[in-house]
Amino acid sequence: MAAAEGTPGTLGTAVPPPPGPPSVPPPGPLSVPPSVPPSVPPPVPPPGPLPPVPPLECSGDDAQAMGRDPLPVLRQILAACAFPELLESPALPEAARSRARSVLREMDAGNIGGYNHEHRSHGVPARVSRFLEFRDGGVPCDPRDIVLCSGTTTVIPFVLSLVVCPGSALPTGVLVPVPGPPLCAAAAGLAGAVPVPYPLDESRGWAVDVAALRREVREARSRCHPRVLWVVNPGDPTGHVLSRPDMESIVRLAAEEPLLLLADEVHQERAFSPERPFLSFKRVLAELGAPLATSVQLVSFYSLSKSAAGESGFRAGFLELVNVDEGVRQPFQLAQSIPRPCVPGRILLDLLMELPEEGDPVRRALEEHRRDLCRDLAANARRLQEELGRAPGIRCQPLAGGPRAFPRIRIPPRARSQARALGLEPDVFFCRRLQEATGLVVAPGSHFGMGGDSGHLGLSLLLPAPALERALLLLRRFHAQFLREFS
Ligand SMILES: Cc1ncc(COP(=O)(O)O)c(C=O)c1O
């Protein structure tokens, strides 16, 4: 798991849980000694239906909701920024207090409660651009191409709305991956565009099938103007990371058609396979050289929510605009155009942009936190593939990054008929039965755009290892029993 437990006041200390109820009842008339002696057997429960099994959420992509700890030093710095009396308190490590002092020096009147426009429009974008240059092996990044946002959910429909042609006879089309996050089709609809689904190739580990994608673009022209290609890399729920050759083919397709490339790279810090490291589209585009490097329009996303910090509640992220038309770029300059991150979210995002530096305890803690996340994801992915790999009727593609695995289970024809008779997709039917019997909550593939017959399930890789082990055991056992029941 993320942070090891330590002594209070160190960078590795887990954030203490909120105080719970006292374990010993206070003395007084209510604190009577137990009236039932230990030798009396426990009462027999009355006959009737068994109580429901408590749910165990196993499908999420929200790190902290799935049980991962926040990185203590980030919260410590934030606490001292919000409540400067803590700058002198030994309850916080000196490294956190000293970093909080330097954050506050950048704030108007040394206070995080103001708008702090300069911090938003110059300070943070300058550091984001240095972070991106480091990430991309030196590919230059202009801070003026960075737009901060309060998470990416709200800003994506705004970006899409800028390319929608309102007066056109045909609607604007946005190519969205299937399987993919439900957000993609929803955002297209919110922007007044139509989603155009393109399939990922399961037989090639959920790679983008560029030939199929080209066909989808051309066929879609009879019903819409395809103008945007949305690519999620690392993939969710599929757990894939795109290879450089596939990314190059996608860039070439975007140039030919032409399409604005929307690179949803929010899961970049969750790429955990050394064989398939994350590469940004910005880097691949730049390394292809002119004319592609200077012509393909690209908007890429980064989100604090899916970063190593996993601080989704603080709502912060940014976009990078590359080669985008002036008509798309200009509205971003208007202060009121999109929701901007609040100052605490900005501070956390900014801290994540720190470049590694030997000897600096805050940066070291950040690096360790990133390493721990990837190590845990890789270990969970390995266990998931080992366990499901030996279960008859379950298959899972190789996993390289992202928050989830997307295994496929066999659903016998009799179970499918029963599901249809109940008005349910077969995968939803399976998930309901699984939850009733075991408490496990997994996401049916139809939630990610798959047909309900395919039998895919979204399973979180962010779970603590013991919870994942339990989930895998229950899933395997229940599926074996389900096959027996319906075969
Ligand atoms: C692939 C992907 N992109 C972007 C988002 C938006 O995240 P946020 O609004 O927290 O930045 C999500 C949310 O779950 C997501 O799954």
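As the structure is a computational prediction, the values presented were derived from the model and not from experiment. (Residues numbered from 1 in each chain as written. Predicted model: local features only at pLDDT ≥ 70, side-chain atom pairs only at ≥ 80, totals over all residues. Heavy atoms only, no water.)

### Describing the environment of Pro237
Then, number 1: Position of Pro237 relative to the elements: it lies in the loop between β6 (225–232) and α7 (244–256).
Then, number 2: Judged by its relative accessible area of 0%, Pro237 is buried.
Then, number 3: Between the alpha carbons of Pro237 and Val164 there is a distance of 27 Å; along the sequence they are 73 residues apart.
Then, number 4: Residues in contact with Pro237, not counting those within four places in the same chain, are Pro179, Gly180, Arg404, Ala405, Phe406 and Phe448. (Helix = DSSP H or I, 4+ residues; strand = E, 2+ residues; numbered from the N terminus. Buried < 20%, exposed > 50% of the residue type's maximum accessible area, 1.4 Å probe, protein only. Contact = heavy atoms within 4.5 Å.)

### Focus on the sheet that holds strand β15 (residues 457–460)
Then, number 1: Taken together, the three strands give an open sheet; going across it, the order is β11-β15-β14, and neighbouring strands pair in antiparallel fashion. The sheet is open, and its two edges are formed by β11 (404–405) and β14 (443–444), each paired on a single side.
Then, number 2: Relative to β15, β14 runs antiparallel, the two sharing two bridges. Each bridged residue has a counterpart across the sheet, and for Pro444 the counterpart in β15 is Leu457. (Pairing = 2+ DSSP bridges.)

### Quick word on the confidence of the model for the chain
Then, number 1: For the chain, per-residue confidence averages 91 on the pLDDT scale, and residues scoring 70 or more make up 91% of the total.
Then, number 2: pLDDT under 50 marks residues 1–10. Its contacts with residues more than four places away, or in other chains, come to 25 contacts.
Then, number 3: Every residue in residues 12–37 scores below 50 in pLDDT, and together they form 16 contacts with partners more than four places removed in sequence or on other chains. (pLDDT = per-residue confidence, 0-100.)

### Thoughts on the pairing of strand β9 (residues 317–322)
Then, number 1: β9 sits mainly inside the fold: six of its six residues count as buried.
Then, number 2: Both faces of β9 are covered, namely the face carrying Gly317, Leu319 and Leu321 and the face carrying Phe318, Glu320 and Val322.
Then, number 3: As defined by bridge partners, strand β8 (residues 298–303) adjoins β9 across six bridges and the pair is classed as antiparallel. Paired with Ser300 across the strands is Glu320, a residue of β9.

### Some thoughts on the packing of α7 against helix α8 (residues 281–288)
Between two packed helices, the angle of one axis relative to the other and the distance separating the axes together describe the packing.
Then, number 1: Axis separation between α7 and α8 bottoms out at 10 Å; the angle between their running directions is 75°. One way to sum up the angle between α7 and α8 is to call them roughly perpendicular. In contact with Arg244, Met247, Glu248, Ile250, Val251 and Arg252 of α7, α8 contributes Phe281, Arg283, Val284, Leu285, Glu287 and Leu288.
Then, number 2: Residue composition of the contact of α7 with α8, by class: seven nonpolar, no polar and five charged. (Axes fitted to C-alpha atoms, helices over the stretch in contact; angles between N-to-C directions. Parallel < 35°, antiparallel > 145°, perpendicular 65-115°, else oblique. Nonpolar A, V, L, I, M, F, W, Y, C, P; charged D, E, K, R; others polar.)

### Let's talk about the pattern of salt bridges
Then, number 1: Here the structure, examined in full by the defined rule, presents 38 salt bridges.
Then, number 2: Lys306 serves as the salt-bridge partner of Asp61, at 3.0 Å between the closest nitrogen and oxygen. Taken as a pair, Asp61 in the loop between β1 (56–57) and α1 (72–82) and Lys306 in the loop between β8 and β9 lie far apart in primary sequence, 245 residues in all.
Then, number 3: Take Lys306: its relative accessible area is 18%, and that puts it in the buried class.
Then, number 4: Here the residues in one salt-bridge network are Arg383, Glu386, Glu387, Arg390, Glu469 and Arg476, joined through shared partners. (Salt bridge = Lys/Arg side-chain N within 4 Å of Asp/Glu carboxyl O.)

### So, the sheet that holds strand β5 (residues 207–208)
Then, number 1: Spatial strand order, β2-β9-β8-β7-β6-β3-β4-β5: eight strands in an open sheet with mixed pairing. What marks the edges here is a single partner per strand, and that holds for β2 (146–149) and β5.

### Digging into the packing of aromatic side chains
Then, number 1: In total, this model carries 11 aromatic pairs according to the counting rule given.
Then, number 2: Look at Phe478 and Phe482: their rings are 6.0 Å apart centre to centre, the planes differ by 35°, and that puts the pair in the tilted class. Taken as a pair, Phe478 and Phe482 lie in helix α15 (residues 465–486) at a separation of four residues, close to a single helical turn. Each member of the pair, Phe478 together with Phe482, is buried.
Then, number 3: One aromatic cluster is present, built from ring pairs that chain together Phe429, Phe430, Phe478, Phe482 and Phe486. (Phe/Tyr/Trp six-rings, centres within 6.5 Å; stacked < 30°, edge-to-face > 60°.)

### A closer look at the site of the ligand
Then, number 1: As a matter of local geometry, the ligand sits amid 15 residues, with Thr152, Thr153, Ser303, Ser305 and Arg315 nearest to it.
Then, number 2: One nitrogen or oxygen atom from the side chain of Lys306 is found 2.9 Å from an oxygen atom belonging to the ligand.
Then, number 3: Here an oxygen atom of the ligand sits 2.8 Å away from a polar atom, N or O, in the side chain of Arg315.
Then, number 4: A total of 400 Å² of accessible area belongs to the ligand in isolation, and the protein chains cover 90% of it.
Then, number 5: Because more than half of its atoms lie within 2 Å of the grid, the ligand is assigned to the second largest pocket. (Near = heavy atom within 4 Å. Polar contact = N/O pair within 3.5 Å; in protein donor to acceptor, adjacent residues only side chain to side chain. Areas by Shrake-Rupley, 256 points an atom, 1.4 Å probe, with all protein chains shown as cover. 1 Å grid on protein atoms, 1.4 Å probe; cavity = no way out; pocket = protein on both sides within 12 Å on 5 of 7 lines; lining within 4 Å. Sits in = over half its atoms within 2 Å of the grid points.)

### Quick notes on unusual backbone geometry
Then, number 1: Residues Asp236 and Pro237 are joined by a peptide bond in cis, for which omega reads 10°.
Then, number 2: With omega at -25°, the peptide bond leading from Glu257 into Pro258 counts as cis.
Then, number 3: Relative to the helices and strands, Pro258 resides in the loop between α7 and β7 (260–264).
Then, number 4: Positive phi, close to 55°, is recorded for Asn116, a residue that is not glycine.
Then, number 5: Residue position: Asn116 is located in the loop between α2 (94–105) and α3 (117–135).
Then, number 6: Using a relative accessible area of 1% as the deciding quantity, one classes Asn116 as buried.

### Describing the layout of surface pockets
Then, number 1: Estimates place the volume of the largest pocket at around 560 Å³.
Then, number 2: Lining the largest pocket are 23 residues, with Arg135, Gln268, Glu269, Phe278 and Arg370 sitting closest to its centre.
Then, number 3: No other element matches helix α12 (residues 361–389), which puts four residues into the lining of the largest pocket.
Then, number 4: Broken down by class, the residue content of the lining of the largest pocket amounts to 11 nonpolar, three polar and nine charged.
Then, number 5: Counting only domains with at least three residues in the lining of the largest pocket, you end up with domain 1 (56–67 + 362–486) and domain 2 (115–352).
Then, number 6: Lining the second largest pocket are 22 residues, and of these Asp61, Thr153, Leu183, Asp236 and Lys306 sit closest to its centre.
Then, number 7: Each of two domains, domain 1 (56–67 + 362–486) and domain 2 (115–352), supplies a minimum of three residues to the lining of the second largest pocket. (Points joined across faces, edges and corners; volume = space filled by probe spheres on them. Domains from an automatic or database assignment.)

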